[in-house]
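The residues making up each chain are set out below.
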Amino acid sequence: EARSPDDLRCPIVVIMGHVDTGKTKLLDKIRKTNVQEGEAGGITQQIGATYFEKKTLETQTARLNATEKVELKVPGMLVIDTPGHESFTNLRSRGSSLCDVAILVVDLMHGLEQQTIESLTMLRKRGVPFVVALNKVDRCYGWKTAKDTPIREALKGQDEGTLMEFRSRATDAKVQLQEQGVNSNLYWEMGDDDWSNSDFIPLVPTSAVTGEGVQDVLLLLCQMAQKKLEEKLMWHANLQCTVLEVKAIDGLGMTVDVLVVNGHLKEGDRAVFCTLDGPIVTEIRGLLTPPPSREMRIKSEYIHHKSVKGALGVKVIGNNLDKVMAGTPVMVVGPDDEEEDIKAEVMSDLTKLKGKLSTEKAGVLVQASTLGALEALLQFLREDTKPPIPVSAIGIGTIHKRDITKISIMNEKGHPEYATVLAFDVDVEREAREYAQEMNVRIMTADIIYHLFDQFTRFMDELKQ
Ligand code: GTP
Ligand code: MG
Ligand code: NA
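These numbers come from a predicted model, not from an experiment.

Caption draft 1: Inspection of the overall build of the chain at higher detail. If you tally the helices and strands in the chain, you get 14 helices and 21 strands. A globule of 465 residues ought to have a C-alpha radius of gyration of about 23 Å, and the chain, at 24 Å, matches this closely. Along the first, second and third principal axes, the C-alpha atoms of the chain reach 75 × 60 × 40 Å. Long-range pairs, those at least 24 residues apart, make up 73% of the contacts in the chain between residues at least 6 apart in sequence. When the accessible surface of the chain is summed, it comes to about 20,800 Å², and 48% of that surface belongs to carbon and sulfur atoms. Taken together, the 56 basic and 69 acidic charged side chains of the chain have centroids lying 1 Å from each other.

Written out as structure tokens, the structure reads:
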């Protein structure tokens, strides 16, 4: 099938930014939902996905587009929500690697914060076009609500004092971005630095609560995707699919949330997934999505599909899915394919990762929640710690008794200091914890990578004394 500008797939949009800047709230505004208030501690802890139909984009931008007159060519939009909390670097990294365009959300009252800068770095490293939402504009003193209006219209209705505060805060954000090497400007004041022919980043003031500027963000994203990414967004039939999350759902068993970027995924397909113990081949028994404009991570009245077309977030039902790893690719065995080739291809990232490990005979066990986190942790231990911490074994997911047995061998090999598990963002079975005590294995757990390094260094210092 020839690719064509008349057959674009949905752009995948990721929302990134520091904790509590209003990422989920912004999505709630567009969805007309209230996901954010249902979150434990008001904190997002997993990757989400919401599909917006073209007609939703049209109605939500209608007022602004009456004057802008942008022709919408994208068939919809798939938006990935990410957590802003510092311990979820791996999920932000996964989000930024999957997306076509991004919204970087900044709290106008706080300016750039630690994870804003981290997100910025990720987006630039991957060359992702993005807009910056200067959110919580309604917090400017004396702000007069202009519900769901385009931002320029909303600003026109404000008093001089409010405008002065807004201008001053927007300038602060611009200066802070400049310090990070990013040129930016309020998007309607860009002139020759128009985002479409320069590297200038458009700034859009928004309120996720009262809705000012939300139309502007949506319309800009559509324009950006259409102008900068037309080639990339031409749909093609080769399946391109990645695991977002693996989850148990009542009544469905273990399910895998995947992002189908291109191609089709069908019920009955023989799909190949990656696990730490090797590839698994399983028949797809069901494909579910939430209704349009509903968050995939919230349980809902799922829609059953016989076949889905990218780009879309889909919940896959099948057997033996419990060990599938988030962040890994999914492939389908076609009529002309050798199953063994497909298996090797699905496993290739992990095989490379294991290859990097093979040299070290003495070292600690490193266990993480996902492949992405494991990669980040290994790189950190190897390159950012002085001296490097040697690693002899790796694992994904909960720590079991067998993991303790594996690493306790370091005691017998004369390396008691390496009879240690460095566990990032994973649970430890009670049995494993007890057994570790018995076998003189230390388990160090943390949900922030460098805390593991601190713990291990302190322990090594104590050993020396
Ligand atoms: P994490 O996912 O945990 O990183 O947070 P988040 O960026 O998704 O922020 P969230 O949507 O959870 O909002 C954080 C808090 O800010 C909530 O109490 C929201 O009600 C509030 N908030 C978000 N956007 C706005 C806004 O535009 N104006 C005002 N006044 N409050 C907002
Ligand atoms: Mg959130
Ligand atoms: Na939050």
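Now that the structure is up, let's keep going.
Caption draft 2: Geometry of helix H12 (residues 401–412). The first and last C-alpha atoms of H12 sit 18 Å apart over 12 residues, in line with the 16 Å expected at 1.5 Å per residue. Of all the positions in H12, only Asp403, Ile404, Ile407, Ser408 and Met410 are classed as buried. Down the axis of H12, the buried set is contained in an arc of 130 degrees. They therefore lie on one face. Turned more than 90 degrees away from the buried face of H12, the exposed residues are Arg402 and Glu412. Turning to H12, the residues buried within the fold contact strand S18 (364–368), strand S19 (391–396), strand S20 (420–424), helix H13 (430–438) and strand S21 (442–446). Positive phi shows up at Gly414, right after H12, with a value of about 80 degrees.

Caption draft 3: Highlighting the sheet that holds strand S6 (residues 184–186). Reading across from one edge, S2-S3-S1-S4-S5-S7-S6 is the order of the 7 strands in this open sheet, with mixed pairing throughout. In this open sheet, the two strands that pair with only one neighbour each are strand S2 (48–53) and S6. Recorded for the sheet is a direction-independent mean angle of 25 degrees between the axes of neighbouring strands. Taken together, the 5 bridges between strand S1 (residues 12–17) and strand S4 (residues 101–107) define a ladder with parallel strand orientation. Pairing of Val14 across the sheet is with Ala102, part of S4. Its contacts with the sheet put helix H8 (residues 214–228) on S1, strand S3 (76–81), S4, strand S5 (130–135) and strand S7 (201–205), and the angle it makes with S4 is roughly 150 degrees.

Caption draft 4: Quick look at the packing of aromatic side chains. One pass over the full model with this rule turns up 2 aromatic pairs. Judged by centre distance (6.0 Å) and plane angle (50 degrees), the ring pair of Phe456 and Phe459 falls under tilted. In this pair, Phe456 and Phe459 both sit in helix H14 (residues 449–464), 3 residues apart, roughly one turn of the helix. A single burial state applies to Phe456 and to Phe459, both of which are buried. A cation sits over an aromatic face here: Lys309 above Trp235, 4.5 Å from the ring centre. For Lys401, the ring lying beneath its charged end belongs to Tyr435, and the centroid distance is 4.8 Å.

Caption draft 5: The coordination of the sodium ion (ligand 3), seen in detail. For the sodium ion (ligand 3), the full set of protein donor atoms is Asp20 (OD) and Gly42 (O), and the range of their distances to it is 2.2 to 2.3 Å. The distance between the sodium ion (ligand 3) and the magnesium ion (ligand 2) comes to 4.5 Å. Residue Asp20 is located in the loop between S1 and helix H1 (23–31), and its partner Gly42 is located in the loop between H1 and S2; the two are separated by 22 residues in the primary sequence. Judged by its relative accessible area of 48%, Asp20 is partly exposed.

Caption draft 6: The arrangement of the packing of H12 against H13 in detail. Direction vectors running N to C along H12 and H13 enclose 25 degrees, while the axes themselves pass 8 Å from each other. In terms of their interaxial angle, H12 and H13 are classed as roughly parallel. By crossing handedness, the relation of H12 to H13 is classed as right-handed. Contacts from Lys401, Ile404 and Thr405 in H12 reach Glu431, Ala432, Tyr435 and Ala436 in H13. A class-by-class count of the residues in the contact of H12 with H13 yields 4 nonpolar, 1 polar and 2 charged.

Caption draft 7: Representation of H8. For H8, with 15 residues, the first-to-last C-alpha span of 21 Å sits near the 21 Å given by 1.5 Å per residue. Taken across its 15 residues, H8 has 13 buried, putting it largely inside the fold.

Caption draft 8: Quick peek at the site of ligand 1. Taken together, 19 residues form the shell around ligand 1, and within it Lys23, Gln36, Thr44, Asp138 and Ala208 come nearest. With respect to ligand 1, the backbone of Thr21 contributes an N or O atom lying 3.2 Å from an oxygen atom. Contact distances for ligand 1 include 2.8 Å between an oxygen atom and a backbone N or O atom of Gly84.

Caption draft 9: Inspection of unusual backbone geometry at higher detail. Following Gly310, the chain continues to Ala311 via a peptide bond in cis, the omega torsion being 5 degrees. If you trace the backbone, Ala311 turns up in the loop between strand S15 (307–309) and strand S16 (312–317). The backbone phi angle of Ser293 is positive, close to 60 degrees, even though this residue is not glycine. Tracing the backbone shows Ser293 in the loop between strand S13 (286–289) and strand S14 (303–305). At Asn320, a position not held by glycine, the phi torsion is positive, near 60 degrees. With respect to the helices and strands, the residue Asn320 is situated in the loop between S16 and strand S17 (331–332). On the accessibility criterion, Asn320 (54% relative accessible area) is exposed.

Thresholds, definitions, all that
- Residues numbered from 1 in each chain as written.
- Chains lettered and ligands numbered in written order.
- Predicted model: local features only at pLDDT ≥ 70, side-chain atom pairs only at ≥ 80, totals over all residues.
- Heavy atoms only, no water.
- Helix = DSSP H or I, 4+ residues; strand = E, 2+ residues; numbered from the N terminus.
- Rg over C-alpha atoms; globule rule 2.2 N^0.38 Å.
- Contact = heavy atoms within 4.5 Å.
- Areas by Shrake-Rupley, 256 points an atom, 1.4 Å probe, with all protein chains shown as cover.
- Lys, Arg positive; Asp, Glu negative; His and termini not counted.
- Charge placed at Lys NZ, Arg CZ, Asp CG, Glu CD.
- Expected span 1.5 Å × (residues − 1).
- Buried < 20%, exposed > 50% of the residue type's maximum accessible area, 1.4 Å probe, protein only.
- Arc of directions from axis to C-beta.
- Pairing = 2+ DSSP bridges.
- Axes fitted to C-alpha atoms, helices over the stretch in contact; angles between N-to-C directions.
- Phe/Tyr/Trp six-rings, centres within 6.5 Å; stacked < 30°, edge-to-face > 60°.
- Lys NZ or Arg CZ within 6 Å of the ring centre and 35° of its normal.
- Donors = N, O, S within 2.8 Å, 3.2 Å for Na, K, Ca; no water.
- Parallel < 35°, antiparallel > 145°, perpendicular 65-115°, else oblique.
- Left-handed = near helix turned anticlockwise from the far one by under 90°.
- Nonpolar A, V, L, I, M, F, W, Y, C, P; charged D, E, K, R; others polar.
- Near = heavy atom within 4 Å.
- Polar contact = N/O pair within 3.5 Å; in protein donor to acceptor, adjacent residues only side chain to side chain.

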